[in-house]
Amino acid sequence: MSGLEAADRSTWMELRDPNEVVEAIGRLYDERGSSNYDEAVTQTVHALQSAELAAADGAPPPLIVAALLHDIGHLLLGEWESRPDFLDRDLHHEDVAARFLANWFGADVTEPVRLHVDAKRYLCAVDPRYAGGLSPASVRSLEVQGGPMDAAEVEAFVATGFAEPATELRRWDDLAKDVDRPVGTFRDHAPLLAALVTMPERSMP
Ligand code: FE
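Everything numeric in this text was worked out from a predicted model, so none of it was measured.

Peer 1: How do you make sense of the overall build of the chain when you look at a structure like this?
Peer 2: In terms of helices and strands, the chain carries 13 helices and zero strands. Helices and strands in the chain line up, N terminus first, as α-α-α-α-α-α-α-α-α-α-α-α-α. By the burial criterion, 51% of the 205 residues in the chain qualify as buried. Pairs at least 24 residues apart make up 75% of the contacts formed inside the chain by residues separated by at least 6 positions. As displayed, the chain has an accessible area near 9400 Å², and 53% of this comes from carbon and sulfur atoms.

Quick look at the structure:
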């Protein structure tokens, strides 16, 4: 969990059961999620819309959780739009998120999260219409993320075995920037989250 600005590692490692983990994640969104994500919505609204789109499409629970938490790396890194350097450098929020979430969640949650930026680069390479539909912030971040994949990168992406869920997550991600779409609350997802949390050995009493 290197690179966490404010999320103190020892505090996270003291969490004792799934409900405490979920509550701590909820507090992170309470404290940092009201920052703006894109031109339109906050981090928390973006997360909730992503999860709600996934659920509406009949995604399995781990992929709904992945959709909800896919940008938690931005919160952990203290990256948000009001900062003058927002998205100027790529801090690899997807890797930070996947490493963080791996403390409690399996690969069916962490891998789509880890690959959701690559999924944009993949879709830009294989689907010309996709690139045309990106928001201005996504176009801007695409540049610092390396632009569309080349053929070898496409092959490697498919070989991860998580191309499909990562690409599905990406499409919900892109749609989850709608000011007019009403959302529930982070706590609506608490039971789903808690059911998927596995406590690390070191945290056992
Ligand atoms: Fe996102």
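Peer 1: Is there a simple way to think about the side chain of Glu94 in this case?
Peer 2: By secondary structure assignment, the location of Glu94 is in helix H6 (residues 93-101). Although Glu94 lies buried, it forms no salt bridge, and the closest oppositely charged side chain, Arg121, sits 8.1 Å away as judged by the N-O distance. Residues contacting Glu94, with those up to four places away along its chain left out, are Val113, Arg114, His116 and Val117.

Peer 1: Help me out: how do you make sense of helix H4 (residues 61-69) in this one?
Peer 2: Residues spaced three or four apart along an α-helix point in a common direction, a consequence of the helix completing one turn every 3.6 residues. For H4, the buried fraction is high: eight of the nine residues fall into the buried class. Along H4, the positions that sit buried rather than exposed are Pro62, Leu63, Ile64, Val65, Ala66, Ala67, Leu68 and Leu69.

Peer 1: Even after reading the chapter, I still don't get the coordination of the iron ion, so can you show me in this structure?
Peer 2: Six octahedral donors around a metal ideally make angles of 90 or 180 degrees; four tetrahedral donors ideally make 109.5 degrees. Surrounding the iron ion are the protein donor atoms His46 (NE2), His70 (NE2), Asp71 (OD) and Asp173 (OD), at 2.1 to 2.3 Å. Sequence positions of the residues that donate to the iron ion give the spacing H-x23-H-D-x101-D. Relative accessible area serves as the criterion here: at 0%, His70 is assigned to the buried category.

Peer 1: Help me understand the packing of helix H3 (residues 43-56) against H4, please; the structure alone is not making it clear to me.
Peer 2: For any two helices packed against each other, one specifies the inter-axial angle together with the distance between the axes. Look at H3 against H4: their axes get within 7 Å of each other, and the N-to-C directions meet at 160 degrees. Between H3 and H4, the crossing angle belongs to the class labelled roughly antiparallel. In terms of crossing hand, the pair formed by H3 and H4 is right-handed. Between H3 and H4, the residues in contact are Ala47, Leu48, Ser50, Ala51, Ala54 and Ala55 and Ile64, Ala67 and Leu68, respectively. Class assignment of the residues belonging to the contact of H3 with H4 gives a composition of eight nonpolar, one polar and no charged.

Peer 1: What is the right way to look at the packing of helix H8 (residues 116-126) against helix H11 (residues 151-159) in this model?
Peer 2: Running from N to C, H8 and H11 point in directions that differ by 125 degrees, and their axes come no closer than 10 Å. Considered as vectors, H8 and H11 are oriented oblique to each other. Read as a crossing pair, H8 and H11 show a hand that is left-handed. Touching Asp118, Ala119, Arg121, Tyr122, Ala125 and Val126 of H8 are Glu153, Val154, Phe157 and Val158, all from H11. Each residue belonging to the contact of H8 with H11 can be placed in one class, and the counts come to seven nonpolar, no polar and three charged.

Peer 1: Explanation requested: the environment of Val96 in the structure shown.
Peer 2: Of note, Val96 is situated in helix H6. As for Val96 and Leu76, which are separated by 20 residues in sequence, their C-alpha atoms are 7.9 Å apart.

Peer 1: Help me understand the nonpolar core in this model?
Peer 2: Taken as a class, soluble globular proteins show a tendency for nonpolar side chains to be buried jointly. Trp12, Ile25, Leu69, Ile72, Trp104 and Phe105 are the most contacted members of the largest nonpolar core, which has 42 residues in total. Of the residues forming this core, the biggest block, seven residues, is contributed by H4. One finds Ala119, Tyr130, Leu134 and Val154 within the second-largest nonpolar core, a separate group that totals 13 residues.

Peer 1: Mind showing me how you'd approach the packing of aromatic side chains here?
Peer 2: The geometry of an aromatic ring pair is captured by two quantities: the separation of the ring centres and the angle between the planes. Inspection of every chain in the model, using the stated rule, returns five aromatic pairs. Plain terms: the ring middles of Trp12 and Phe100 are 4.8 Å apart, the flat faces sit at 90 degrees to each other, and that makes the pair edge-to-face. You can see Trp12 sitting in helix H1 (residues 9-13) and its partner Phe100 sitting in helix H6, a full 88 residues away along the chain. Classification of Phe100 as buried rests on a relative accessible area of 0%.

Peer 1: Any chance you could explain the pattern of salt bridges here in plain terms?
Peer 2: Pairing between side chains of opposite charge can happen when the charged atoms of each approach one another. If you walk through the whole model with that rule in mind, you get eight salt bridges. Close ionic contact of Arg187 with Glu23 constitutes a salt bridge, the shortest N to O distance being 2.8 Å. Of this pair, Arg187 sits in the loop between helix H12 (163-175) and helix H13 (190-196) while Glu23 sits in helix H2 (residues 18-32); the two residues are 164 residues apart in sequence, bridging distant segments of the chain. By relative accessible area, which is 34% here, Arg187 ends up partly exposed. Given the relative accessible area of 32%, Glu23 is considered partly exposed. Notably, a salt bridge pairs Asp173 with Arg170, separated by 3.4 Å at the nearest N-O pair. Residue Asp173 and its partner Arg170 are located together in helix H12, separated by three residues, close to a single helical turn. Among the residues examined, Asp173 registers a relative accessible area of 1% and is labelled buried.

What counts and what doesn't
Per-chain numbering applies: the sequence of each chain, read as written, is numbered from 1 onward. Reporting in this predicted model follows two pLDDT cut-offs: at least 70 for local features of residues, and 80 or more for side-chain atom pairs to be given and counted; totals over whole chains, interfaces and linings ignore these cut-offs and use all residues. Side-chain metrics in this entry use all non-hydrogen atoms of the structure; hydrogen atoms and water are not considered. Each helix is a run of H or I in the DSSP string that is no shorter than four residues. Each strand is a run of E no shorter than two, and both are numbered from the N terminus. Categorising residues by exposure relies on relative accessible area from a 1.4 Å probe, with only protein chains included: less than 20% of the type maximum marks a residue as buried, more than 50% marks it as exposed, and the intermediate range marks it as partly exposed. Throughout, a residue-residue contact means that at least one pair of heavy atoms, one from each residue, lies within 4.5 Å. For every accessible area listed, the method is Shrake-Rupley and the probe measures 1.4 Å; residues are considered covered only by the protein chains on display. Asp and Glu are treated as the negative residues and Lys and Arg as the positive ones, with His and the ends of the chain left uncounted. A pairing counts as a salt bridge when a side-chain nitrogen of Lys or Arg comes within 4 Å of a carboxyl oxygen of Asp or Glu. Each metal's donors comprise the N, O and S atoms found within 2.8 Å of it (within 3.2 Å for Na, K or Ca). Water is not part of the atom list, so some coordination spheres may appear incomplete. Every axis in this analysis is a line fitted to C-alpha atoms, fitted for helices over the stretch in contact. Angles between the N-to-C directions lie between 0 and 180 degrees. By the definition adopted for this analysis, an angle is roughly parallel if under 35 degrees, roughly antiparallel if over 145, roughly perpendicular if from 65 to 115, and oblique otherwise. Less than a right angle of anticlockwise turn of the near helix away from the far helix marks a crossing as left-handed, whereas a clockwise turn marks it as right-handed. All amino acids are sorted into three groups, where Ala, Val, Leu, Ile, Met, Phe, Trp, Tyr, Cys and Pro are nonpolar, Asp, Glu, Lys and Arg are charged, and the leftover types, Gly among them, are polar. As used in this record, nonpolar core signifies buried Ala, Val, Leu, Ile, Met, Phe, Trp, Tyr and Cys residues forming a set joined through side-chain atoms within 4.5 Å. What counts as a ring pair is set by centres within 6.5 Å for rings of Phe, Tyr and Trp (its six-membered ring), and what kind of pair is set by the plane angle: stacked under 30 degrees, edge-to-face over 60, tilted for all other angles.

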